[in-house]
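# Observations on chain architecture
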Amino acid sequence: MPKPQIQILVCVNERAPDARKPSCDPRGDLEVYRRFKDGVRARGIRDHVMVVRTGCLKHCSRGITVNIWPPNLWYARVTLDDVDEILDRSVLAEEEIERLAMPDIPWE
Ligand code: FES
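To keep things clear, this report deals only with the structure shown in the data block. Small disclaimer: the values here were computed from a predicted structure and weren't measured.

### Digging into the sheet that holds strand β1 (residues 6-11)
- The strand order across the open sheet formed by four strands is β2-β1-β3-β4, and the pairing between neighbours is mixed. Of all the strands in the sheet, just β2 (49-54) and β4 (73-75) have a single pairing partner and so form its edges. Strand after strand, the sheet turns through a mean of 15 degrees between neighbouring axes, direction not considered.
- Here four bridges tie β1 to strand β3 (residues 66-69), and the two strands are oriented antiparallel to one another. Across the sheet, residue L9 finds its bridge partner in β3, namely N67.

If you want it as structure tokens, here you go:
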């Protein structure tokens, strides 16, 4: 596999139900991660796009948190229904999807 040119970072962090902060896991993060993997495979772009499961991306109250790098787009409250649009518009066309854009808030 050649060096990836784009990474899709998907937070799959899990916290205990009584933790002080929420986490992305109860919102279905692994399903979103797998949908990204399947979408990359279906588009034939596995040779330059890598999907990565990560720990906390520091926007826990707005998860599922996803980062597309480059061009460094941050998305909030990503669901399964958003994955194809992110792949087509943000990964393939480097376009920001405004409705998903993480607000400019302090990192948690
Ligand atoms: S737990 Fe997902 S951003 Fe913190």
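### A look at the nonpolar core
- Membership of the largest hydrophobic core comes to 23 residues, with the highest contact counts inside it found for I8, V10, V32, F36 and V66.
- Where this core is concerned, the elements lending two or more residues are β1, α1 (29-42), β2, β3, β4 and α2 (83-91).
- In this structure I8 touches F36, V49, V51, V52, V66, I68 and V91, once residues within four positions along its chain are discounted.

### Focus on the pairing of β3
- Here β3 shows one buried face, formed by V66 and I68, and one open face, formed by N67 and W69.
- Where β3 meets β4, three bridges bridge the pair, whose relative direction is antiparallel. Residue V66 lies in a different strand from β4, and its bridge partner there is Y75.

So, how was this worked out
- Residues numbered from 1 in each chain as written.
- Predicted model: local features only at pLDDT ≥ 70, side-chain atom pairs only at ≥ 80, totals over all residues.
- Pairing = 2+ DSSP bridges.
- Helix = DSSP H or I, 4+ residues; strand = E, 2+ residues; numbered from the N terminus.
- Axes fitted to C-alpha atoms, helices over the stretch in contact; angles between N-to-C directions.
- Core = buried A, V, L, I, M, F, W, Y, C linked by C-beta atoms within 7 Å.
- Buried ≥ 20, exposed ≤ 12 C-beta atoms within 10 Å, placed from the backbone.
- Contact = placed C-beta atoms within 7 Å.

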